[in-house]
Structures are given as C-alpha cells and as structure tokens.
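What follows is each chain in one-letter form.
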Amino acid sequence: MMENNVDIKEQQPSYEHLLEVRNLKTSFFIPAGEVKSVDGTSFNVDKGKILGIVGESGSGKSVTAYSIMQILSYPGKIVGGSIKLEGRELVGLPEKELSKIRGGKISIIFQDPMTSLNPVYTIGNQLREAIMLHRRKQVPCKIKQVTKDENGKKVVTYVDGVKEVKPTRAEANARAIEMLQLVGINSPEKRLKQYPFEFSGGMLQRIMIAMALCCEPDLLIADEPTTALDVTIQAQILELIQDIQKKMGMAVILITHDLGVVAELCDEVIVMYGGKIVERGTADELFYNPKHEYTKGLLNSIPTNDNTNERLVPISGNAIDLLNLPDGCAFSPRCPHAMKVCLTKYPEEVDVNENHRCSCFMYVKEVLEEVKADIKNEKEVKKSTKQIIEEVTENA
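Residues numbered from 1 in each chain as written. Predicted model: local features only at pLDDT ≥ 70, side-chain atom pairs only at ≥ 80, totals over all residues. Heavy atoms only, no water.

### What to know about the nonpolar core
In this structure, L19, F43, I221 and I253 are the most contacted members of the largest nonpolar core, which totals 90 residues. With 7 residues, helix α7 (residues 201-213) is the single largest residue contributor to this core. (Core = buried A, V, L, I, M, F, W, Y, C linked by side-chain atoms within 4.5 Å. Buried < 20%, exposed > 50% of the residue type's maximum accessible area, 1.4 Å probe, protein only. Helix = DSSP H or I, 4+ residues; strand = E, 2+ residues; numbered from the N terminus.)

### A closer look at helix α11 (residues 293-300)
Side chains of residues three or four places apart in an α-helix project in the same direction, reflecting 3.6 residues per turn. When you tally the buried positions in α11, you get 6 out of 8 residues, the bulk of the element. When we look at burial in α11, the residues that qualify are E293, Y294, T295, G297, L298 and L299.

### A look at the sheet that holds strand β2 (residues 33-45)
Within the open sheet, the 4 strands sit side by side as β2-β1-β4-β5. Their pairing is antiparallel. Looking at which strands have only one partner, the edges of the open sheet turn out to be β2 and β5 (88-89). Its contacts with the sheet place helix α1 (residues 61-69) against β1 (19-30), β2 and β4 (76-85), and it is angled at close to 110° to β1. (Pairing = 2+ DSSP bridges. Contact = heavy atoms within 4.5 Å. Axes fitted to C-alpha atoms, helices over the stretch in contact; angles between N-to-C directions.)

### Examining the packing of aromatic side chains
A full pass over the atoms with the stated rule returns 5 aromatic pairs. Ring geometry for Y66 versus F110: centroids 6.3 Å apart, planes at 50°, classification tilted. Placement of the pair is Y66 in helix α1 and F110 in the loop between β6 (106-109) and α3 (113-116), with a sequence separation of 44 residues. A residue is classified by how much of its surface remains accessible, and F110, at 28% relative accessible area, is partly exposed. Residues Y273 and F331 carry aromatic rings whose centres are separated by 5.3 Å and whose planes lie at 85° to one another, so their mutual orientation is edge-to-face. (Phe/Tyr/Trp six-rings, centres within 6.5 Å; stacked < 30°, edge-to-face > 60°.)

### A word on a nonpolar patch on the surface
Side chains of V146, V156 and Y158 sit close together on the surface and give an oily, nonpolar patch of about 250 Å² of accessible area. A relative accessible area of 38% means that V146 is categorised as partly exposed. (Patch = residues over 30% accessible without salt bridge, like charges linked within 9 Å, V, L, I, M, F, W, Y side chains within 5 Å. Areas by Shrake-Rupley, 256 points an atom, 1.4 Å probe, with all protein chains shown as cover. Salt bridge = Lys/Arg side-chain N within 4 Å of Asp/Glu carboxyl O.)

### Some remarks on a negative patch on the surface
Negative charge collects at one region of the surface, where E16, D46, D267 and E268 lie side by side. Structurally, E268 can be placed in strand β11 (residues 268-273). The class of E268 is partly exposed, set by a relative accessible area of 32%. (Lys, Arg positive; Asp, Glu negative; His and termini not counted. Charge placed at Lys NZ, Arg CZ, Asp CG, Glu CD.)

### Examining the sheet that holds strand β13 (residues 350-353)
Reading across from one edge, β6-β9-β10-β3-β11-β12-β14-β13 is the order of the 8 strands in this open sheet, with mixed pairing throughout. Two strands lie at the open edges of the sheet, namely β6 and β13, each paired on one side alone. The mean angle between the axes of side-by-side strands here comes to 20°, regardless of whether they run parallel or antiparallel. Bridge count for strand β3 (residues 50-54) against strand β10 (residues 251-256) is 5 bridges, and the pairing is parallel. Across the sheet, I53 pairs through a bridge with I255, a residue of β10.

### A short note on the confidence of the model for the protein
Averaged over the protein, the pLDDT score is 84; the fraction of residues at 70 or greater is 90%. Under a pLDDT of 50 for its full length, residues 1-12 has, in the predicted model, 18 contacts with residues more than four places off or in other chains. (pLDDT = per-residue confidence, 0-100.)

### Details of the pattern of salt bridges
Opposite charge on two side chains permits pairing when their charged atoms draw close. Tallied over the full model, the rule gives 15 salt bridges. Residue E178 pairs with R175 through a salt bridge whose shortest N-O separation is 3.3 Å. Separated by 3 residues within a single helix, E178 and R175 lie in helix α5 (residues 169-182), roughly one turn from each other. Relative accessible area serves as the criterion here: at 42%, E178 is assigned to the partly exposed category. Across the pair R357 and E349 runs a salt bridge whose closest N-O atoms are separated by 3.3 Å. Salt bridges sharing common partners tie together K47, E86, K105 and D218.

Structure (structure tokens):
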C-alpha cells in the first residue's frame, strides 16, 4: 500500500514545441575575460523532426548542446536566456531534477566514443548503469487516502494508482541486449562482457548510440557522431540514427560541420558563427538559396558534381577571437563584401520567406536594390502607358 503523498502520474501540460530555446547566452569566464560562446541563440525543435546545427569549430555548436543538457563544466555558465522542454524550464532546475531528465528525456551522443566510455568497466556494466539510473517502469498499486466523515472520524480508503520503480538487474541486462541488437551489433550477450578496447571505433559509436537510446528519450542530441570514423562507417552510423529516429518518433539535434550530412538528413538547418545564428531555414532553402555571406562561403568551399574541375574557394582570414568580438557582424573581418555598417552594427534577423531567415546587411542591400528597380520599372511602365494614351488621343 502507498500513502496519499506519493506522486501520481500527472497530466502532461500543453506546449507548442518539444524544445524551446530563447535568447540563450553561455559564457566561459577565464583570466583573460569573458568568452561569449553562445550569444542570444533562439530556436525550436518539434517532435519527430531533425534539426541540423552547422558551423566551423568554435562557432558555439557543442556549447549549445551542453547548455541544453546542463552539463557545462567550470568555468562555463549560462548567463541568460531560457531552455524549455515540454514547457518546463530547465535553466536553474535543481541537479536532482535534472538527473531525471538527462538520459530519460534528453540524451546525447558525444564526439569521441573512445574517450566517452570508461575503459575499466565492461560494456554491459556501463549500459546497465544507464538503464537502472534513468529508466523507470510504471506498475499498478493501491494508494491510501485518509479523509474525515461528518462526525470527524478518519476514513481510510484505497484507490488504484501507479508508481515508478527501477528495473532489476536482469531487466536492465535484457534491455541492454535488445539495444545492442537494435544498433546492429552481433552476439550481444558476448559483447556485454567485453571492454571498450576490444571494439573498433565504429562499433564503439554504435554502443554510444545504444546507451543514448536505451531509455527512449524524446530528444537525442548527436554532437558530431561521425568524427574520426572512415567514410563507409560514417554512412552506416548516419543511416542508423535516421532509421531509429523514424522508428521511435523522437526529435534529433544533429551537430556537424559536414554540409552533405545536413542536406541528406535534416528537416531544418541552423548556421552558427561567433556564437550567434546567422541563417536558418529548410535544407533546400539554405542549399539552393543561401543569403548570408558565411553560408555562401561554406557552400563554395566544399566539392560538388558541378565544380570537380575547379579550384575550391576557402573562406579567407582566421577563425574569430571570441574574446575580441567586433561591434558589428562577427563575420565582417572575413567577409569579401563587408560594408561600413557591417563593422559597427549587428544586423537584425529578417525573413527571406516563411521558411528562411538570415542576419546579413548584404541581403538587406539586395532587397533594397530590387525594390528600387521595381519602383523604377513601375515608373517607366506608367510613363509608357501615359505616352500611349496621349498618342491614341491625338490620333482620335
């Protein structure tokens, strides 16, 4: 029997997006000053969708992921903004509550599986630990309720309810075997007794994926999951993530610097530079209609079927120094088309269309030039129409 102070499964609150990030600011405080790794980032992730975050090293991709997971190490700190999962605020949540969300609601696949797994514990031990720590099953129970009747006497009744219990070791072991089978590792019973050094890089990454998915999270963050893997293994890992995402219906945030991966997998793409989002939109919009000069530079620097005989054009200049950010656009020192206004003011995010937004003065300039051209053409049309009317009037 259970007392009436036991938590009963509550009705989930209504929310518009699975994950809502608003004006997120994350900084690292070092002796040299404040490093603004993420500076005012906002985006949404919906259930069943894949969001891609791209950008070169140091753009703030991984720090954004660690901020969502609340696993920033000293001297990193979230200094502003909001992160909501299913309408629940995560920023400022006690560690005890966060530990229930990590693994259970949100999981992450780290970049390097070689260093993410403990070398002195077996694979089975590490998988079982994750399952027993984060996975819960609901079992029916009787909940004791104490009320008073009209005469003030206590009346004890028992109602049907549910409680959450941890899985047993045998259940956790069975779940671990099931997940290893799901990610394509043969002889899972044997593999549970082996140590990380007995596996290849590709198999270790599959184990990391199994560990991240063993509690069926609503959101999976894949932080460059194909780093240090050869091309054929990369394709297998990405296909595996996509297949499992479709089967489980979960949302995925895919962090990568490989634009080919983004084009193939992602529903929506965010381009980051200097801790800010410079452009966002659907994969088709960003690849076929890029508007920010940094996005254009990324696309020009990768080989395609159309430029096999041409020399690739890299982005000029050096990576940005986050300790000495310019007053205006962070990309302006490297931008070949930078204007004076780019050096002094940061461009606001503007709509290209309903599925595409960017923060670039060059795009604003293009729009103004198109508007001027349209006005000029409209005046010429009016002028020619007036001339035709005059000619017709004279001939009449």
